[in-house]
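Fold and contact review
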Amino acid sequence: VGRNMDEIVRCVQALQLSYERSIATPANWPNNHADIPMDGGRTNDFKGSVFLLPTVSEEEAEKHYPGYHTCDVPSKIPYLRLVKQDDL
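Residues numbered from 1 in each chain as written. Predicted model: local features only at pLDDT ≥ 70, side-chain atom pairs only at ≥ 80, totals over all residues. Heavy atoms only, no water.

**Some thoughts on the pattern of salt bridges**
This is how it is decided: The term salt bridge refers to a pairing of a side-chain nitrogen on Lys or Arg with a carboxyl oxygen on Asp or Glu at a separation within 4 Å.
The full count for this structure, using the stated rule, is 3 salt bridges. Ionic pairing is found between Asp72 and Lys76, a salt bridge with its closest N-O pair at 3.1 Å.

Here it is in C-alpha cells:
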C-alpha cells in the first residue's frame, strides 16, 4: 500500500519478464545501467538491460540472447550477463 501505479506496473512487468524469459531485473529497472564500463571505455548502450539467470547455460544464452554482454568482474567468473531490453 502507498505505492503509485507506475511502481506497481513496473513490478508486474519485472515479474512477468522473470517468469517468461529466465532473467532478473536489477534495482531501478528500467532506468539502470545508464553508464557501464565496456572494452576500455564506457557505454550507455545497456540502459534498461536485465541479467540472465545463472541457470541459463552458455549455449542457451548464445541461442536465445545472441547480443548479451558478460560483465568483467574481479573473480573472472562469467556470471553477470546483461541482455538489452530490446533483445528480449
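**Focus: the nonpolar core**
Across soluble globular proteins, nonpolar side chains have a tendency to be buried as a group. We apply this condition: Here, nonpolar core means buried Ala, Val, Leu, Ile, Met, Phe, Trp, Tyr and Cys residues that are tied together by side-chain atoms lying within 4.5 Å of each other. Exposure categories follow from relative accessible area, calculated using a 1.4 Å probe and restricted to protein chains: below 20% of the type maximum is buried, above 50% is exposed, and the middle band is partly exposed. Each helix is a run of DSSP H or I of at least 4 residues and each strand a run of E of at least 2, with the numbering of both proceeding from the N terminus. Any two residues whose heavy atoms approach within 4.5 Å at even a single point are treated as in contact.
Ala14, Leu17, Ile23, Trp29, Val50, Leu52, Val56, Ala61, Tyr65, Tyr68 and Val83 form the largest nonpolar core, which has 11 residues in total. Within the residue set of this core, elements represented by two or more residues are helix H1 (5-21) and strand S4 (50-52). Setting aside anything within four residues of it in sequence, one finds Tyr65 in contact with Arg21, Ile23, Leu52, Glu60, Val83, Asp87 and Leu88. Membership of the second largest hydrophobic core comes to 5 residues, among which are Phe46, Phe51, Cys71 and Leu82.

**Topic: the environment of Tyr68**
Rules: For the purposes of these results, a polar contact is taken to be a pair of N or O atoms within 3.5 Å, where, inside protein, one atom must be able to donate a hydrogen and its partner to accept one; residues adjacent in sequence count only when each atom of the pair is a side-chain atom.
Inspection of the secondary structure puts Tyr68 in the loop between helix H2 (58-64) and strand S5 (69-70). With residues near it in sequence (within four places) discarded, Tyr68 still touches Leu52, Glu58, Ala61, Glu62, Arg81, Leu82 and Val83. A polar contact of 2.6 Å, which involves the side chain of Tyr68, links it to the side chain of Glu58.

**Describing a nonpolar patch on the surface**
We apply this condition: Each patch is built from salt-bridge-free residues with over 30% relative accessible area, joining like charges within 9 Å and nonpolar side chains (Val, Leu, Ile, Met, Phe, Trp, Tyr) within 5 Å. Each accessible area value is a Shrake-Rupley result obtained with a 1.4 Å probe; residue values ignore everything except the protein chains displayed when judging cover.
Taken together, the side chains of Met5, Ile8, Val9 and Val12 define a hydrophobic patch exposed on the protein surface, amounting to about 340 Å² of accessible area. Along the chain, Ile8 turns up in helix H1. A residue is classified by how much of its surface remains accessible, and Ile8, at 37% relative accessible area, is partly exposed.

**A look at the packing of aromatic side chains**
Here is the rule we go by: Two aromatic rings, drawn from Phe, Tyr or Trp (for Trp, its six-membered ring), form a pair once their centres lie within 6.5 Å of each other, and the interplanar angle then sorts them: stacked below 30 degrees, edge-to-face above 60, tilted otherwise. The criterion for a charge sitting over a ring is simple: Lys NZ or Arg CZ within 6 Å of the ring centre, and within 35 degrees of the ring normal.
Applying the stated criterion across every chain yields a total of 0 aromatic pairs. If you follow Lys84 out to its NZ or CZ, it ends over the ring of Phe46, 5.1 Å from the centre.

**Points about unusual backbone geometry**
In the segment running from Trp29 into Pro30, the intervening peptide bond is cis, with an omega of 10 degrees. Along the chain, Pro30 turns up in the loop between strand S1 (23-24) and strand S2 (36-38). Despite not being glycine, Ser22 has its phi angle at roughly 55 degrees, a positive value. Checked against the element boundaries, Ser22 lands in the loop between H1 and S1. For Lys76, which is not a glycine, the phi torsion comes out positive at approximately 65 degrees. Assessed through its relative accessible area of 59%, Lys76 is described here as exposed.

**A few points about the sheet that holds S1**
Our working definition: One requirement defines pairing of two strands: DSSP has to find at least two bridges between them.
Taken in spatial order, the 4 strands line up as S1-S4-S6-S5 in an open sheet, and their pairing is antiparallel. Taken across any chain shown, the strands that pair with only one partner, and hence form the sheet edges, are S1 and S5. As defined by bridge partners, S5 adjoins strand S6 (residues 81-83) across 2 bridges and the pair is classed as antiparallel. Residue pairing across strands places His69 opposite Leu82, the latter belonging to S6.

Remember that the coordinates give geometry; whether it matters functionally is a separate question.
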